[in-house]
Each structure stands twice: as structure tokens, then as C-alpha cells.
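# Overview (structure and organization)
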Amino acid sequence: MGKADFLSPKAIGNRIKSKGLQKLRWYCQMCQKQCRDENGFKCHCLSESHQRQLLLASEDPNKFMDFFSDEFKKGFLELLSRRFGTKRVQNNIVYNEYISDREHVHMNSTQWETLTDFTKWIGREGFCKVDETPKGWYVQYIDRDPETIRRQEEQARKKKQELDDEERSARFIEEQVRRGLGDKEPEENPVFTDLKRESEEEKVAFNLGASSSVAGPSKSKSSSVFGATAKKSAVSSSTKRKDVPSSSDTRSEKKKKKSALEEIMEMEEKKKQSVRMDNWLRPSIVVKVVTKRLGEKYHKKKAVIMEVRDKYAAVVKLIDSGDKLKLDQAHVETVIPAPGKRVLILNGSYRDTEAVLEGIDEKKFCATLTLDSGHQKGKTVEVAYEDFSKLA
């Protein structure tokens, strides 16, 4: 059968297929020939032209590999710098655009077996910044062009010059302010004191001189006299407070100095009390099954928690039947024993502390417990019903 005509459908289909991207393993880089299937590649390897190219390459194989590797690196980095600049991009996106060119150098003829190896290599050599993410490897081109470096230095110099201008203008403004004040030292910050009366009979006076300018001439004189007397009384009272400190002030100062550490401890204690956890399940405590989804057989039955899983689930063993169930925290509730029994505090500031039940206050919905472990052993505290449970 003769060769198909140039304009026949078969010849057109062959040309369309040859333009498309074929499989990489059936491409011969030395001969620059793309085969469509394994049989075609095998036939090409046995051809005379391929054998001649193979003999030439066998004389110095490293020379050919280095040449193809260098061409692949140049083409890849040129596309990365031209197409994406210094943006961070995934290496697969760049590679897919690179191999869209039919005349590109294929990776099977280079020193790198995979795209990941090539990405790591350009990162080690300093051509790009590379980082690995769950979505794959990302590359960012490092532009070392002299023109780009010069432009960046020029921008940095302009920015520094702008900052120097701002500093000079700030110093000039400070100098003008200092001259306006007449080289006077700034006044110290005023000390504010509490408004206190030494006795109940003493009157507190205020200087209302600002309102005298609004009033008429008949009122200005009286207001000025009132302001002078108020000022004298205020000065005298302030000197009394400064010269002779009252006993209440001394007591408060001593108390502040004495209780500085105690206040810190109280704040820590309040923080512990204010922080409440959502999960309260603990092993070896007795709980009551309150869910009806398991049927009447397990409803209202008491069980012992054998194991806590994921904070909010537990494996419990029923006391009556011995059955084991896995229940959520919302399906159980705490059990209050008789006075004198041991309990475990599950929430609040005394979390995970063992205690003894002393009594129950039904009006306040809490119980009185005596701590039986920890550094506060022997202390009596009040704990809500839902914050403690019976120990097995």
C-alpha cells in the first residue's frame, strides 16, 4: 500500500498528532524524534541513524548530558523570570508551560530524574527560593540582574533620603518649640491627691475665679475675695496633708507594701476560679446515665468511668450488670454520695482534688467539702453539685 496523500485525512491526522505533546519515555533527545508508542520507539532505537548518534554520544556521554541539562535549566529559568518574575509559583505550573513548546529539551536526557530533584537543585544553587507545602513545591525566582540591583539600590537611597528629611524637619520643629518657651525647663507632672477632710466641720472651698470675668463689677470683687480665701484654705490643707500624714494614709501604705505578693497570689487564685473547662470526665468516678437512647435498661443506672477518650467521651462500666458502654459527656451526670464519702472535684479552682463530703446545702445547690489532697489539704470549700462526683 502506498504512502497516504499529503491532504488525505490520515496524513492530516498524523500531522496533528505529531504537533501534540506525546509521552516523555518515547522521545529520543539525541535524534530529536518523538515516537507515538513503544513499538515505534523500539524501531527507532534499532535504526541506523540512532546507532550513529549513539556512537557519537558514547565517546563523551557526560558532555551530552551536561549540554542537555544546561539547556533545560536555561529554558526553565528564562520562562520563570519572563512569565512570573519574582512571584511565588508552583513548579508544576512553570513546567507545564515549558513543555508546551515542542522544541524544548526533555527532562529524560538531563541529570535530574524528576521535577522535584530539579527544584531542590535550583534551590541549593541559589537560583530560586523553594519551599515545600502540602500542595507541592513552590519556586520564587531571585533576580540578580545588575540593572534590577541598581534600581533597588536607587529606591533604597531615595527612601533613606526621605527619612533624613523628616528627621531634619522634626529637629527644626523641636528647636522652634524650645525657642518659643524661652529655654524654660518643662514643668514637672502635677501630683494628684485625694480630696479628704480632716474633720466634719472643715469646709471644702473651690476657686471659681474663671466665672468672675463673666459677672458684673459688683460681683467681681466678692468673687475675687472668695477665690483668695479658697486658695489660702486649699494651700493650708495641702500643707497639712503633706506635713502631717494621716493615720489612714499610713495604714493604707503599709497595707499596700505588705500585701503586694498577696495581691498577686489572690489574682492568680481568681484566674483559676474564673477559668472553667468544658470537659469534666475523669477516670474512677461514679456517674449516672441520663440518656434514653439506649433504652430503659440503662436509663438512670450508675456506672464507673473506666477510660476517657477525646476529653468528651468515656468508656463506662455499669455497676449492676457489668456492661461496658461508650458514652458522650452529655449522656451522663455526676453522682452526689452520702456525707462522709470521698469525692473528686471536677471543675473550678480545685480541679482534680480529692475531698470528703461534709454536708449539702439544698438552697444554694452546693455542698461543703473538706479537701483531702494537694497543698491546701484540710481546707473547707463550697462546690456546686455539677462540679464534683463520687469516687468509685
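Rules and cut-offs
Counting restarts for each chain, with residues numbered from 1 along the sequence as it is written. The predicted origin of the model limits local features to residues at a pLDDT of at least 70 and limits the giving and counting of side-chain atom pairs to 80 or more, whereas totals for whole chains, interfaces and linings rest on all residues. Remark: hydrogens and water are excluded; side-chain values derive from all non-hydrogen atoms of the structure. Runs of E in the DSSP output that reach at least two residues are strands. Runs of H or I that reach at least four are helices, and both are numbered from the N terminus. Any residue under 20% of the maximum accessible area for its type is buried, any over 50% is exposed, and the rest in between are partly exposed; the area is computed with a 1.4 Å probe on protein chains only. Contacts are assigned to residue pairs that have any heavy atoms within 4.5 Å of one another. A 1.4 Å probe and the Shrake-Rupley method give the accessible areas. Residues count as covered only by the protein chains that appear here. Residues enter a nonpolar core if they are buried and are Ala, Val, Leu, Ile, Met, Phe, Trp, Tyr or Cys, with the set joined through side-chain atoms within 4.5 Å. Each pair of strands is called paired provided DSSP finds at least two bridges between the two strands. Throughout, an axis means a line fitted to C-alpha atoms (over the contacting stretch in the case of helices), and angles, computed between N-to-C directions, take values from 0 to 180 degrees. This arc describes the spread of directions from the helix axis toward the C-beta atoms. pLDDT is a per-residue confidence score from the predictor, ranging from 0 to 100.

## Examining the overall build of the protein
What the protein contains, in helices and strands, is 10 helices and 15 strands. Residues classed as buried in the protein amount to 26% of the 392 residues present. Within the protein, counting contacts between residues at least 6 apart in sequence, those at least 24 apart form 45% of the total. Of the roughly 29100 Å² of accessible surface on the protein, a fraction of 53% belongs to carbon and sulfur atoms.

## Overview of the nonpolar core
Formed by 21 residues in total, the largest nonpolar core has its most connected members in F72, F76, L80, V94, Y95, F118 and I122. If you list the elements that add at least two residues to this core, you get α4 (61–83), α5 (91–98) and α6 (115–124). Among the elements that line this core, the one with the most residues is α4, at 6 residues. Among the nonpolar cores identified, the runner-up in size contains 17 residues, and V289, V316, L327 and V332 belong to it.

## A few points about the sheet that holds strand β9 (residues 324–328)
The strand order across the open sheet formed by 5 strands is β9-β8-β7-β6-β10, and the pairing between neighbours is antiparallel. Edge positions in the open sheet fall to β9 and β10 (332–334), since each of these has one partner strand only. When the angles between neighbouring strand axes are averaged without regard to direction, this sheet yields 45°. As paired strands, strand β6 (residues 286–289) and strand β7 (residues 302–309) are joined by 3 bridges and run antiparallel to one another. Bridge pairing in β7 links V286 to V304.

## A closer look at α5
Those residues of α5 lying buried are N91, V94, Y95 and Y98. The arc enclosing the buried residues of α5, seen along the axis, measures out at 100°, which places them on a common side. Its buried side turned inward, α5 meets α4, β3 (88–90), α6 and β5 (136–141).

## As for the sheet that holds strand β11 (residues 342–345)
Taken together, the 5 strands give an open sheet; going across it, the order is β14-β13-β12-β11-β15, and neighbouring strands pair in antiparallel fashion. The open sheet has two free edges, formed respectively by β14 (380–384) and β15 (388–390), since each of these has just one partner strand. The mean inter-strand angle of the sheet, taken between neighbouring strand axes irrespective of direction, is 45°. Pairing geometry for strand β13 (residues 366–371) and β14, over 5 bridges, is antiparallel.

## Concerning the pairing of strand β12 (residues 354–361)
Across 3 bridges, β11 lies against β12 in antiparallel orientation. Paired with R342 across the strands is V356, a residue of β12. The pairing of β12 with β13 spans 6 bridges and is classified as antiparallel. Each residue of the ladder has a partner; that of G359, found in β13, is T368. Turn length for the β12-β13 hairpin, with the two strands adjacent in sequence and antiparallel, is 4 residues, and the turn residue F365 shows positive phi of about 55°.

## Here's the deal with the side chain of T119
By the element assignment, T119 lies in helix α6. In contact with T119, other than residues within four places in its own chain, are N91, V130, W137 and V139.

## Re the confidence of the model for the protein
Confidence in the prediction for the protein averages 77 pLDDT; 74% of positions are at 70 or higher. Per-element confidence in the protein ranges from a low mean pLDDT of 47 for helix α8 (residues 217–243) to a high of 93 for β6. Across residues 210–228, confidence stays below pLDDT 50; counting only partners more than four residues off in sequence or on other chains, it has 4 contacts. The low-confidence segment residues 238–245 (pLDDT under 50) makes 6 contacts with residues lying over four places distant or belonging to another chain.

## Overview of the environment of Y350
With respect to the helices, strands and loops of the structure, Y350 is situated in the loop between β11 and β12. Judged by relative accessible area, Y350 falls into the buried class, the value being 13%. A C-alpha to C-alpha distance of 10.0 Å links Y350 and S373, two positions 23 residues apart in sequence.

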